[in-house]
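# Residue-level structure breakdown
Spelled out, the chains give:
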Amino acid sequence: MKSLLQSIALILIVPAIAFSQVQLDYYLPEDVSYNPDIPTPKEVVGHEVGEWHITHDKLVQYMYALAESSDRVTIQEYARTYENRPLLLLTITSPDNQSSIDQIKENHALLRDPSRSGNLDVESMPVVTYMGYSVHGNEASGSNASMLSAYHFAAAQGSEIDEILNNTVILLDPSFNPDGLQRFSTWVNMHKSATSVTDPAAREFDEVWPGGRTNHYWFDLNRDWMPVVHPESRGRVQMFHEWKPNVLTDHHEMGTNSTFFFQPGIPSRTHPLTPQRNQDLTSAIGEYHADELDKIQSLYYTKESFDDFYYGKGSTYPDIFGTIGILFEQASSRGHAQESIHGVVDFPFAVRNQFRTSISTVNAANGLRTELHDNMREFYREVQQEASRSSVKAMVVGDRFDSGKNYHFADLMNHHNVELYELAQNLEVDGQQFERGKAWVIPMEQAEYKFLEAMFEKRTEFTDSLFYDVSTWTLTSAFNIPHAELSQRQFNNNIMGEKVESPEIPAGQFVGGRSNYAYAFEWDEYYAPRALYRLQNMGVRTQAAFQTFQTVVSTGVKEFNYGTIIIPLGIQDVDEVEIFRALQNIAREDGVDVYSLRTGLSTGGVDLGSPNINSLEKPSMAILVGSGVSNLEAGEVWHQLDQRYKMPITVLEKERVGRTDLSRYNRLILVNGGYGDLSENAKADIKSWVSNGGTLIVQKSAVNWAMSEGLLNAELVESESSDDRRIAYEDLSAARGAQGIGGSIFEANVDITNPLLFGYRNDSIHIFRNSTNFLQITENQAATPVYLTNEPLVSGYISDENSELIKNTASIMVGSYGSGRVIGFVDNPNFRAFWFGTNKLFANALFFGDQISRSAAN
């Protein structure tokens, strides 16, 4: 018995001993020698890999040290984060390949040219493998493993590594998310004990809000490959398209009680546009991973848990460009060592699995080199054939009232290597008007046809009802942008103007020069809110037209729409010359057309002194954040205001509400999250603040909190049906998941005369929803200016039961509380910063919400 107890004690302490004494040879494969002239990670950063979590500055330091010491390695900085950290890409291959790397890249690009790819000798061409690590900053084993990967391929010696590097170009991206990695490494390192603490309750494993997963603005960068909103993604996607690698890997972590996952994922949840050949090659590569993990006795699984559907994720985005994207998920220690159902998961163990599958990736790419080249060559042959067979020969896309939105659409397309052209002449298609200079022509017969098909499709039928992420992302809906498909008969080259190489926001016009009476600009433009806030921040008194009007401008009679911003000069304290110069900058930088008005007397509609010309107050905003609040949605608001509108917002911890003077704000924002932990004093302060005239903007579940607190009068839609079917135990999770809405697009009716719809010209819009929060249209129907139609589904998945419940339900509602207003967004208008079509709804709540008539509030 004594011997048994001693053995058990030894087993229990071995992980901690191994962790504290980890050596480089723990990670490295056996029977491989390394060049002593190449520095090990410890020789540069001062500790063994896995002993501490690497900080981003040390990671950068090591990568540059490798590049300086090895003729196999070159390094480039391809972007900077919001916090000014560099993003790096190492190119690792044989010295001979390095000397001809540009030629290798040019030859590799020919695989995507069906007219020339047939003449390529693919057996002699190096395979290109892009290995990327830790897009989620708190899934840090990837970035820590990147040092081992870089060291191994830079320093390993022998005929085997020589053969691999002669036949392989490795693109190594050590940290997809430097800001998140730095945040997380600081947290776990500051909580590390001298003696290993593995208790899952320890503070080391419980990051404070918002955690290290996200970037500076709390965005999940693994959802940003398609939207390319952030500098990390924009630079990375540019590197991807410069090379179009054969294989791209994406190293993640999952729950501590898991093991190790590698793709393929669940077969039924692969996007239908991804060729089966892609999944077959993924499986073939998986055999190499299995062999490598078997050598070190690591547990793993495949074809479960994860899908390959949303083309905005790092492991799926490559699939639509002929690349094999591969996801790795390692059980996380979430610190340095943590207990799990499989024993203690220590950080070096997690790092080793990531490193060894990096080796197996390169081995697989080398072993399947010809097949991978053939895959890319065949992919683009098929793309050419499918594009030529398509009945749609081009898309014309553009909003003649919104050049800013047009720019963002073109910018997104441009980042994905899509060819698009300016519209050369005015065009009418199926009753829609497209103006020269304010629309784009996208020919379908181009290399990225498959990507375009994926971005424009509207899909409502699926082989599986569960989704790891969203089920749709139709870009024309996301932008709420006019578009039309052109048939062979409708399309000709005469409508194509100059090719768009580098989109820019076009300058607006300044019509009429300097005025001595007033200026005006309409609210349609995407950056009109930024323009308005510029003026307000200068102290300029601004007004908005709550009715339409006509007046004479220098070019003739002009009709101004709802929400037109007016700057009357007679009531200003700011010098008129300063105002004029500010408006010149606005026209030039914000793309807004500014009009000089010579008189207050209109030729139609209201005059400029009308009671329907409302004075505006400058928004002073705070958003509540902290535990229980969605950092993703809070970050979307912060980013929208800070980066796009250049409007300051106070990010306010929930727990400080009862101790903060709310009177300095006139707008308070609560996004999706739990607010039940607000103190009674805090809730009383919020209610008093709203009653005294504040505008409370609540989003998603915060709408329900406002309802429960009596701030908003609304009713839930209750299901009248019950499902009495007996469901097998193994199907319970799937049955429950099928009732969720992971992310779908719905059509909503809108009242464009309501201040919340200023800047919109159509009576319907497309909204994004990823919740099952169904609310009835308010008793006062005018208080629900946005509500879903009777047949609302545009694209995406929704269960049959929910498709009935969602009909004619509210999307935005307005309530009055004392002298204040409560605006409830059932849906998220700022989703992932690429749902450009509903951003204006949120801006309208900020600028005009307090002006909404009590008669239009519930």
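Residues numbered from 1 in each chain as written. Predicted model: local features only at pLDDT ≥ 70, side-chain atom pairs only at ≥ 80, totals over all residues. Heavy atoms only, no water.

### Focus on helix α17 (residues 528-537)
Every α-helical turn comprises 3.6 residues, leaving residues that sit three or four positions apart pointing alike. Test applied: Under the scheme applied here, a residue whose accessible area is under 20% of the maximum for its type counts as buried, over 50% as exposed, and between as partly exposed, the area being computed with a 1.4 Å probe on protein chains only. Labels follow the DSSP assignment, with helices taken as runs of H or I lasting at least four residues and strands as runs of E lasting at least two, numbered in each case from the N terminus. When checking whether two residues touch, look at their non-hydrogen atoms; a contact exists if any pair is within 4.5 Å.
Counting buried positions over the 10 residues of α17 gives 8, a clear majority of the element. All of the buried residues in α17 are A528, P529, R530, A531, L532, Y533, L535 and Q536. Against the buried residues of α17 lie β20 (518-521), β24 (565-568), α18 (576-590), α19 (631-644) and α24 (836-848). Where α17 terminates, the next one or two residues include G539, which has phi positive at roughly 95°.

### Re the packing of aromatic side chains
Formally: Aromatic rings from Phe, Tyr and Trp, with only the six-membered ring used for Trp, were paired whenever their centres fell within 6.5 Å, and each pair was classed as stacked if the ring planes differed by under 30 degrees, edge-to-face if by over 60, and tilted otherwise. Should the NZ of a Lys or the CZ of an Arg lie within 6 Å of a ring centre and within 35 degrees of the ring normal, that charge is described as sitting over the ring.
Applying the stated criterion across every chain yields a total of 47 aromatic pairs. Relative to W225, the ring of F176 has its centre 5.7 Å away and its plane inclined at 85°; by these criteria the two rings are edge-to-face. On the criterion of sequence distance, the pair formed by F176 in the loop between β6 (168-173) and α9 (178-190) and W225 in the loop between α9 and α10 (231-243) is long-range, its members being 49 residues apart. Taken together, the aromatic side chains of F309, Y310, Y311, F462, F467, W473 and Y797 make up a single cluster linked through ring pairs. Over the ring of F560 we find K558; its NZ or CZ atom is 5.5 Å from the centre of that ring.

### A word on the sheet that holds strand β2 (residues 73-80)
Under the convention used in this document: A pair of strands counts as paired when DSSP detects no fewer than two bridges linking them. Here an angle of 0 to 180 degrees is reported between the N-to-C directions of two axes, which are lines fitted to C-alpha atoms, with helices fitted over the stretch in contact.
Taking strand neighbours across the sheet as the criterion, the 7 strands line up as β2-β3-β6-β4-β7-β9-β8 in an open arrangement whose pairing is mixed. Every other strand in the sheet has two partners, leaving β2 and β8 (260-262) as the edge strands with one partner each. The average angle at which neighbouring strand axes cross in this sheet is 20°, direction not considered. Helix α8 (residues 159-167) contacts β3 (86-92), β4 (127-133) and β6 of the sheet and is inclined by roughly 85° relative to β6.

### Observations concerning the environment of Y133
Relative to the helices and strands, Y133 is located in strand β4. Remark: the alpha-carbon pair of Y133 and T555, spanning 422 residues in sequence, is separated by 57 Å. Aside from chain neighbours lying at most four places away, what touches Y133 is G142, S143, S146, S149, L172, D173, P174, S175, F176, H251 and S358.

### Side note on the pairing of β4
With 7 of its 7 residues buried, β4 lies for the most part within the structure. Burial of the side chains of β4 extends over both faces: V127, T129, M131 and Y133 are buried on one face and V128, Y130 and G132 on the other. Inspection of the sheet shows β4 paired to β6 by 6 bridges, in the parallel sense. Bridge pairing in β6 places M131 opposite L172. The pairing of β4 with strand β7 (residues 247-254) spans 5 bridges and is classified as parallel.

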